Amino acid sequence: MTHAAAPTVADAPLRLTHLERLEAEAIHILREVVSEAEKPVMLYSVGKDSAVMLHLARKAFFPAPPPFPLLHVDTTWKFRAMYEMRDRMARESGMDLIVHRNPEALARNINPFDHGSAVHTDIWKTEGLKQALDKYGFDAAFGGARRDEEKSRAKERIFSFRSASHRWDPKQQRPELWNLYNARKARGESIRVFPLSNWTELDIWQYIHLERIPIVPLYFAAERPTVERDGLILMVDDERMPLRPLERPVPRSIRFRTLGCYPLTGAVESRAKTLPEIIQEMLLTTTSERQGRAIDHDQAASMEKKKREGYF
Amino acid sequence: MAASAEGRGYRPDALAAADIDAYLVQHQHKTLLRFITCGSVDDGKSTLIGRLLYDTKLIFEDQLAALEADSRRLGTQGQEIDFALLVDGLAAEREQGITIDVAYRFFATEKRKFIVADTPGHEQYTRNMVTGASTADLAVILIDARKGVLTQTRRHSYLVNLLGIRRLVLAVNKMDLVGYDQAKYDAIVADYREFAASLGIDRVDAIPVSGLRGDNVTAASADMPWYSGPHLLAYLESVEVDLTAAQALPLRMPVQWVNRPNLDFRGFAGTIASGSVRAGDVVRVLPSGRTTSVTRIVTAGGDLARAAAGQAVTLCFADEVDCSRGDVVARADEPPEVADQFEATIVWMADEELLPGRSYWLKLGARTVTATVHAPKYKVNVNTLEHLAAKTLELNAIGVATLSTDSPLVFDPYARDRALGGFILIDKLTNATVGAGMLHFALRRSQNVHWQALDVSREKHAELKHQKPAVLWFTGLSGAGKSTIANLVEKKLVSLNRHTFLLDGDNVRHGLNKDLGFTDADRVENIRRVGEVARLMTDAGLIVITAFISPFRAEREMVRKMMSTGEFIEIFIDTPLAEAEKRDVKGLYRKARAGQLRNFTGVDSPYEPPESPEIRIDTTRMSAEQAADLVVERLLR
């Protein structure tokens, strides 16, 4: 987003758009963390929010590459297209990519079909993330979470402090004033940092559109093999998905509003093949983004509980 | 119901449905407004925000279904939707029915995106409201039309004004419960304006609303034809954003990070806090004071010709100036001040109270230094705005105090520039953010004068002399023995190859201070000048010895604060008045007693003995020679 600074009369004020202000805020946050943390890392989940966050990091440190690695906490159950995009973006950004798979989950073959979404998510993602942060000694981790995603996020700080056991205490959050972030912590403790805190889903899409940021093709509608289960349209992404009796994959024109493990991520029927069409659909839609995620339906305050336990 | 779900006053999706490309172009040019809502638990604040979110279609059907279920289970509105439940996030607060923290909400219209800081009105109010207000351009002050201006209304207004929010809009809520009565509304607004004027707030806009029924929230109210102004949303869409004002100030950019990917590129990354910069501009890097010019304004999207407040950029300079994180790039001819002692308003945010004298981390811009807060001058009763005596500040207390930092800070007064005048205090042990502050001014007026950068540093001067500079400050009654002992100390130090200089009270009054008499004001000025001279001499690397009565604690403290930590050594020559008067070497006591000498310390002018001097010499138990040995030993050990 360059401002074509026309040589105007007597320096007329530059009217920054909301996206320009959000971009500047995120860049400011990224630079603060790099200056104050000892060993930062960017959690890269390959979704659209991660795509925006990575793009902002490349802008923040330009012409240098971002001075931290990308960390993908893998569950082995992501969509194939996500793995392709992940490897491509690591190559293009010139950043190191660390892939962590919880060895215990791997050994026990934890999967959403046999163990259910809660156990699957907890062992692969929550435990996997803690393992990776401990293993590499990262003291600050960027995440792409936004405050508009759900209610417990709305109160989380941009710099969210975690104890040595990775727990979040919503009552012990540090007040955050102006753009002065307190990144100080004791050895063993860490901070999760959310540069996109003040972005909404619409902001993310508009920014991707404006900046032409590459995203996983699954966000665009296409004919894909699907089954319908428990009210969710699931995509049969590989042969590991056990089909129920009489269940046959049906081709449907679908796309995803959010991406995660394919057996847990519900698709929406759609014909939106371009970003403007996606944005249009989003504006006219009547359900919230997280509805496609099985994880939130478990219990009312499920997200807050998961976050206290160390989920990102 | 004045505005039902079917009859929403605001329809954001019409253009999106008809022409998405036109919609996108329109939404790319939206601006951003951040505001804070202030009200107490019963003012209907959550309901009002919930209504804004609902009417601007930020609530989806699945959320609405959950809301309807929650409303029946937990709501306070019978069978109707309880909008407050949309806004109250964490499980604990849902049960208590109150919000406990600052939450940020988002909504947008075709003209603007809004970020609302929602803060509670109960006992944690000060901390949370100050936090929410620190990033807000505007404050919406909620008043319950049935209750009018309350103590908490005044408290909220004081706090947002303290944080520098210059734009207030009064939302007189629950108009439906007072029969949409114009007289009631007018009385409340007049009452509030009178109070606001007493705070120095000159502009207050007001809107009569009903958050519950939707009157004047996102659509004009049919029940209040007497009100012809904009509804709340229209007002928020059209009000001017603060960023424009920040751009009119002189350039300030705290350097966050030095970008040096290879030997050919050296850039200084930061967010422009105020003003604007063009390629070619001459800038000054502070605190060093070096000037250079900007060769490039680098961004990933290409170099810019000009950048202004709010933008995150990377600047390249024409010269290899020394510049690192925490330094401030400023307009060369309008630099900010540099100082290490300040007066500030401090808001305390931790359970453990402020400990005057304790070291805290202070972060301002991109600089973190060690700071000591002195005992507060007073604290403010936020309900009555009275000034109260205070020894400390407890959680949620607001006070005015002076503070000193261990290294110079580049700053602007908060009232002029929020970005370079606001700071946070961090506990060094727990790392918690314990306080926030707003700088008023530097304690020493001389700090307003810009520092010329010098190539030979004070460290270099001291190094050449193989010594650590110090000030040996002798204080005591006339005739106590200050000059005698000071003279012996200097002789002993010189014999040890130390570079010294003795400033004697009588001698200085023959030259530098010959225009000064012995009134209290002149005594203060006498000591101030001597302090300055002593400081220059320590800069030159000398061990300075001073022998002045220096009767007042405040001035001795002032001189102490001028010096680096540990450099000021206060030596109290403790001779009782009777003893000094008995000696009366110069015959001055006799004259004073005879009324021939006015304002004589100990006779008709007070002497305030030091409370904790570094060295105390009791001349009734020790000879001058022994005293001098003691001082030299203490200095050199």
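Residues numbered from 1 in each chain as written. Chains lettered and ligands numbered in written order. Predicted model: local features only at pLDDT ≥ 70, side-chain atom pairs only at ≥ 80, totals over all residues. Heavy atoms only, no water.

Here we look at the packing of aromatic side chains
Using the following cut-off: Pairing of aromatic side chains here covers Phe, Tyr and the six-membered ring of Trp, requires ring centres within 6.5 Å, and sorts the geometry by plane angle: under 30 degrees stacked, over 60 edge-to-face, intermediate tilted. Lysine NZ or arginine CZ positioned within 6 Å of the ring centre and within 35 degrees of the ring normal marks a charge as sitting over the ring.
Following the criterion strictly, the structure yields 24 aromatic pairs over all chains and no others. Consider the rings of Phe61 of chain A and Phe68 of chain A, whose centres lie 5.9 Å apart with planes at 85°: the pair is edge-to-face. Through a chain of ring-to-ring contacts, three or more aromatic side chains come together here, namely Trp77, Phe79, Phe113, Phe256 and Tyr262 of chain A. One cation-aromatic arrangement involves Arg184 of chain A over Trp361 of chain B; the distance from NZ or CZ to the ring centre is 4.0 Å. In this structure, Arg240 of chain A is placed above the aromatic ring of Trp77 of chain A, and the distance from its NZ or CZ to the ring centre is 3.9 Å.

A few points about helix 2 (residues 48–60) of chain A
For an α-helix, the turn length of 3.6 residues means that residues three or four places apart are oriented alike. All names here are of chain A. Counted only if it meets this: The secondary structure listing takes helices from DSSP runs of H or I that are at least 4 residues long and strands from runs of E that are at least 2 residues long, numbered from the N terminus. Multiplying 1.5 Å by the residue count of a helix minus one yields the expected span of that helix. Whether a residue is buried, partly exposed or exposed follows from its accessible area with a 1.4 Å probe, protein chains only, as a fraction of its type maximum: under 20%, in between, or over 50%, in that order. Any two residues whose heavy atoms approach within 4.5 Å are treated as being in contact.
Here helix 2 is 13 residues long and its end C-alpha atoms lie 18 Å apart, about the 18 Å a rise of 1.5 Å per residue gives. Of all the 13 residues making up helix 2, twelve are buried; the element is thus mostly covered by neighbouring parts of the structure. The set of residues buried in helix 2 consists of Lys48, Asp49, Ser50, Ala51, Val52, Met53, Leu54, His55, Leu56, Ala57, Lys59 and Ala60. For helix 2, the secondary structure elements touched by its buried residues are helix 1 (18–36), strand 1 (40–43), strand 2 (70–74), helix 3 (80–93), strand 4 (140–142) and helix 6 (201–211).

Quick word on the sheet that holds strand 3 (residues 97–101) of chain A
Residues and elements named next belong to chain A. Convention followed: When DSSP finds two or more bridges between a pair of strands, those strands are recorded as paired. All axes are obtained by fitting lines to C-alpha atoms, using only the stretch in contact for helices, and the reported angles, taken between N-to-C directions, cover 0 to 180 degrees.
If you walk across this open sheet you meet the six strands as 3-2-1-4-6-5, and the pairing is mixed. Edge positions in the open sheet fall to strand 3 and strand 5 (159–162), since each of these has one partner strand only. Across the sheet, the mean angle separating the axes of adjacent strands is 30° when strand polarity is ignored. Pairing between strand 1 and strand 4: three bridges, direction parallel. When the sheet's bridge partners are listed, Val41 is paired in strand 4 with Ala141. Against the sheet, helix 3 contacts strand 2 and strand 3, and its axis sits at roughly 165° relative to strand 2. Against the sheet, helix 5 (residues 112–136) makes contact with strand 1, strand 2, strand 3, strand 4 and strand 6 (190–193), and its axis sits at roughly 140° relative to strand 2, the strand it touches most.

Concerning the packing of helix 6 of chain A against helix 7 (residues 275–284) of chain A
Residues and elements named next belong to chain A. Counted only if it meets this: An angle below 35 degrees is read as roughly parallel, one above 145 as roughly antiparallel, one from 65 to 115 as roughly perpendicular, and any other as oblique.
For the pair helix 6 and helix 7, interaxial distance at closest approach is 10 Å and the crossing angle is 170°. Between helix 6 and helix 7, the interaxial angle falls into the category roughly antiparallel. Contacts between helix 6 and helix 7 pair Glu201, Leu202, Trp205, Gln206, Ile208 and His209 from the former with Leu275, Pro276, Ile278, Ile279, Met282 and Leu283 from the latter.

Quick look at the pattern of salt bridges
All names here are of chain B. Here is the rule: The term salt bridge refers to a side-chain nitrogen of Lys or Arg lying within 4 Å of a carboxyl oxygen of Asp or Glu.
Scanning all chains against the criterion turns up 58 salt bridges over all chains. Where Arg458 meets Glu567, a salt bridge forms, and the shortest distance between an N and an O atom there is 3.1 Å. Taken as a pair, Arg458 in helix 13 (residues 458–464) and Glu567 in the loop between helix 17 (553–562) and strand 27 (568–574) lie far apart in primary sequence, 109 residues in all. Looking at Arg458, the relative accessible area reads 23%, which means it is partly exposed. Two residues, Glu611 and Arg553, come together in a salt bridge whose shortest N-O distance is 3.8 Å. One end of the pair, Glu611, is in the loop between helix 19 (588–593) and strand 28 (615–618); the other, Arg553, is in helix 17, and 58 residues separate them in sequence. A residue is classified by how much of its surface remains accessible, and Glu611, at 66% relative accessible area, is exposed.

Brief notes about unusual backbone geometry
A cis amide bond links Phe62 of chain A with the next residue in sequence, Pro63 of chain A, at an omega value of 5°. Relative to the helices and strands, Pro63 of chain A resides in the loop between helix 2 and strand 2. The linkage connecting Leu286 of chain B with the following residue, Pro287 of chain B, adopts the cis geometry, with an omega of 15°. If you trace the backbone, Pro287 of chain B turns up in the loop between strand 11 (282–286) and strand 12 (290–298). Phi at Thr76 of chain A is positive, roughly 70°, even though this residue is not glycine. Backbone geometry places Asn396 of chain B, a non-glycine residue, at a positive phi of 70°. Assignment of secondary structure puts Asn396 of chain B in the loop between strand 20 (387–388) and strand 21 (398–411). Assessed through its relative accessible area of 13%, Asn396 of chain B is described here as buried.

A closer look at the interface of chain B and chain A
Rules: Defined in terms of a 1.4 Å probe, buried area is the accessible area two parts forfeit on being brought together, summed over both.
Residue-level contacts link 95 residues of chain B with 72 residues of chain A. For the pairing of chain B and chain A, the buried interface totals around 7,100 Å² over both sides, and the portion due to carbon and sulfur atoms is 57%. Our count for the contact surface shared by chain B and chain A stands at six salt bridges. The residue Glu25 of chain A makes a salt bridge to Arg34 of chain B at a minimum N-O spacing of 3.4 Å.

Structural notes on the domain arrangement of chain B
Size of an interface, as often reported, equals the accessible area lost when the parts are brought together. Residues and elements named next belong to chain B. Going by this rule: Here the bounds of each domain stem from an automatic or database domain assignment. For this analysis, a polar contact is any N or O atom pair within 3.5 Å, provided that within protein one partner can donate a hydrogen and the other can accept it, and provided that sequence-adjacent residues contribute only side-chain to side-chain pairs. All residues other than Ala, Val, Leu, Ile, Met, Phe, Trp, Tyr, Cys, Pro, Asp, Glu, Lys and Arg, Gly among them, are scored as polar; the first ten of these are nonpolar and the last four charged.
For chain B, the domain assignment lists domain 1 (12–238), domain 2 (250–331), domain 3 (337–446) and domain 4 (458–636). Contacts between domain 1 and domain 3 engage 21 residues on the former and 13 residues on the latter. The contact between domain 1 and domain 3 buries some 1,400 Å² in all, and 61% of this surface belongs to carbon and sulfur atoms. On the domain 1 side of the interface with domain 3, the three residues burying the most area are Arg127, Tyr158 and Leu162, jointly 34% of the side's total. On the surface where domain 1 and domain 3 come into contact, there are zero salt bridges. At the boundary of domain 1 with domain 3, the tally comes to eight residue pairs in polar contact (both at pLDDT 80 or more). Looking at the side of domain 1 that touches domain 3, the elements that each hand over two or more residues are helix 7 (125–134), helix 8 (151–162) and helix 9 (182–199). A breakdown of the residues in the side of domain 1 that touches domain 3 according to their chemical character gives eleven nonpolar, seven polar and three charged.

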